[in-house]
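Inside the fold
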Amino acid sequence: QVQLVESGGGLVQAGGSLRLSCAASGRTFGNYAMGWFRQAPGKEREFVALISGSGGSTNYADSVKGRFTISRDNAKNTVYLQMNSLKPEDTAVYYCNANRRLAVRPGEYWGQGTQVTVSS
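The following refers to the structure shown. Every chain is numbered independently, its residues counted from 1 as its sequence is written. Predicted model: local features are reported for residues with pLDDT of at least 70 only, side-chain atom pairs are reported and counted for 80 or more only, and whole-chain, interface and lining totals are derived from all residues. For side-chain calculations, the full set of non-hydrogen atoms in the structure is used, while hydrogens and water are omitted.

**A look at the nonpolar core**
What is meant by a nonpolar core is a set of buried Ala, Val, Leu, Ile, Met, Phe, Trp, Tyr and Cys residues, joined one to another through side-chain atoms within 4.5 Å. Categorising residues by exposure relies on relative accessible area from a 1.4 Å probe, with only protein chains included: less than 20% of the type maximum marks a residue as buried, more than 50% marks it as exposed, and the intermediate range marks it as partly exposed. If you look at the biggest cluster of nonpolar residues, it comprises 35 residues, and the most contacted ones within it are Leu4, Met34, Trp36, Val79, Leu81, Met83 and Tyr94. Elements are defined by DSSP. Helices are runs of H or I of four residues or more, strands are runs of E of two residues or more, and each kind is numbered from the N terminus. When residues of this core are traced back to their parent elements, those giving at least two are strand E3 (18-24), strand E4 (33-39), strand E5 (46-51), strand E7 (68-73), strand E8 (78-83), strand E9 (92-99) and strand E11 (114-119). A total of five residues in this core trace back to one element, the largest contributor, which is E5.

Pasting the structure below:
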């Protein structure tokens, strides 16, 4: 069982930055690939970024490449999403996800989400 708690969301102007954090419970954090997904109002949840258990491999949605960076600190059981050059279309609830496999398809563990709002 893995419990995930996101933080760091908020309101920011277009062009600004935010860093999201996701703290995980358990002693096997490094065994999980971690992902960030987001869901905007009226839209389906979509993949944003993914990082392997060791942190050596990452993957990004085309819409965020070059602007977002995913990282992790296994000693702190935490994964981060640094978001730069934010756009109004990045407005969504952002969810952390833990997956036993390194795959864009989400795993079974989700956080509660954190709201990111980007004003134009």
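This is not the end of the story, as more comes after the structure.
**Some words on the side chain of Asn77**
Residue placement: Asn77 occurs in the loop between E7 and E8. Only heavy atoms enter the contact rule, under which two residues are in contact if any of them lie within 4.5 Å. Aside from chain neighbours lying at most four places away, what touches Asn77 is Cys22, Ala23, Ala24, Ser25, Gly26 and Phe29.

**A few points about the sheet that holds E3**
Strand pairing is defined by DSSP finding a minimum of two bridges between the two strands. With antiparallel pairing, the four strands of this open sheet are ordered in space as E1-E3-E8-E7. Each edge of the open sheet carries a strand with a single partner, namely strand E1 (4-7) and E7. Each strand of the sheet is rotated relative to its neighbour by a mean of 15 degrees, with strand direction disregarded. As paired strands, E7 and E8 are joined by six bridges and run antiparallel to one another. Bridge assignment links Arg72 to a residue of E8, and that residue is Val79. Helix axes are fitted to C-alpha atoms over the stretch in contact, other axes to C-alpha atoms as well, and angles between N-to-C directions run from 0 to 180 degrees.

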